[in-house]
Structure formats: structure tokens, C-alpha cells
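Report on the structure
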Amino acid sequence: MQFLLFQQSKSLLINIFRRKKRNNRIVFWFSLTGTVWCMPFIGLTSSNQIVVQSYGSEQIVTVIGSIVPTETWTHIATSYSVTNGIRLWINGTFKNSSSSFVYYSSNVTNTITIGNKPNAASSCYTKDINMTQFYGKIDELKIFSRELNQTDVSRLANLSLS
């Protein structure tokens, strides 16, 4: 999947079902097409906490949430705006946010790789996310070109998990 990521508000929702495996980390990446640059956008820490990150002002901005349980569906929602920074919800409940920042856009088409790191990527900005494959199921990926609020996320999480 390819799309442009400019300095506009955006939101992403996804359902994940994490299997009981060691080193279960990456959910998906954004990478620049035709280059070796990449950065995981959503993944798990070594203690299986959800991590959402982005690139702003020449540094990685990270938001860490709660531990993602195994063998059950978990709804993850994240949004970005210049005003609110990154915000994270798990199963419709707000968990954490960053301070405001300006997203550093590549200004070229970006590719999303789901479940593993892009094959061509040799150098990736990972920060708190381990560079290993995701073991489990992924369902209902939704990308919005606007910032979602608590009401939007709660409604969509309840629809997804019911």
C-alpha cells in the first residue's frame, strides 16, 4: 500500500490478535519507496507494550501504551495533528499522548509494510520497537486523513470489537 504523508492531520485504526511467541514486535512500517530509509510506525516494546512513533524536528517522537494481551483481539487507534501530537487509544480507551510537534514529511510516496520490516531496508529508525516479525492476525486497517477524537475512536472500537 502506498500513500503520501504530508504535514496534515491523520489517524490510523487497526485490530491485532497477538500470538504467544517470543520477539513478537512489529505491526507495520512506513518506508520511502526506492530507498533504504524506514521507520516502524506501530510496534511492540520488548515487554509487549504498544508503541506508536513518528518523525518530527529531526527526532523520533514516541508514545507508549499498555501491554497488548495474547490470544485476544485488541483495537488500536492513533491520531496525529500539529496541535495535539500523537494520541493513542487501546480498545477505545485513551492511553497516552505526546506533546505537539511538526511532522517531518518525506514529501514523496511512502509504502506501508504490514507485519515485518521492508526487504530493502537496511537502516531503520526503530527507537523502542524491536526489528522482528509480528506473529498474529491483523484486521480492519483504517486510515483517515483527519484527526479522530475520543467519540470517533470509541464508536469505531465498539463496532470493531462487537
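Residues numbered from 1 in each chain as written. Predicted model: local features only at pLDDT ≥ 70, side-chain atom pairs only at ≥ 80, totals over all residues. Heavy atoms only, no water.

With that settled, the discussion passes to the nonpolar core. Ile16, Ile42, Ile50, Val52, Ile76, Ile86 and Leu88 are the most contacted members of the largest nonpolar core, which has 19 residues in total. At the level of secondary structure, the elements contributing two or more residues to this core comprise strand S2 (10–18), strand S4 (37–44), strand S5 (49–56), strand S6 (59–67), strand S7 (73–81) and strand S8 (85–90). Within the second largest apolar cluster, six residues are counted, among which are Ala77, Trp89, Val153 and Leu156. (Core = buried A, V, L, I, M, F, W, Y, C linked by side-chain atoms within 4.5 Å. Buried < 20%, exposed > 50% of the residue type's maximum accessible area, 1.4 Å probe, protein only. Helix = DSSP H or I, 4+ residues; strand = E, 2+ residues; numbered from the N terminus.)

The geometry of an aromatic ring pair is captured by two quantities: the separation of the ring centres and the angle between the planes. Per the counting criterion, the structure on display carries three aromatic pairs. With 5.1 Å between their ring centres and 50 degrees between their planes, tyrosine 80 and phenylalanine 101 make a pair best called tilted. Taken as a pair, tyrosine 80 in strand S7 and phenylalanine 101 in the loop between strand S9 (93–97) and strand S10 (109–114) lie far apart in primary sequence, 21 residues in all. Among the residues examined, phenylalanine 101 registers a relative accessible area of 9% and is labelled buried. The ring of phenylalanine 17 has lysine 137 sitting right over it, with the charged end atom 5.0 Å from the ring centre. (Phe/Tyr/Trp six-rings, centres within 6.5 Å; stacked < 30°, edge-to-face > 60°. Lys NZ or Arg CZ within 6 Å of the ring centre and 35° of its normal.)

Our focus in this paragraph is the pattern of salt bridges. Counted according to the given criterion, the structure contains four salt bridges. Between glutamate 140 and lysine 142 there is a salt bridge, with the nearest N and O atoms lying 3.1 Å from each other. A salt bridge links arginine 146 to aspartate 152; the shortest N-O distance between them is 3.2 Å. (Salt bridge = Lys/Arg side-chain N within 4 Å of Asp/Glu carboxyl O.)

So, about the pairing of S8. Counting buried positions along S8 yields six of six residues, so the element is predominantly enclosed. Alignment of S7 against S8, held across six bridges, turns out to be antiparallel. Bridge pairing in S8 links threonine 78 to leucine 88. The antiparallel pairing of S7 with S8 creates a hairpin that spans three residues between the two strands. Pairing of S8 with S9, which is carried by four bridges, proceeds in the antiparallel orientation. The residue bridging arginine 87 from the neighbouring strand is serine 97, located in S9. (Pairing = 2+ DSSP bridges.)

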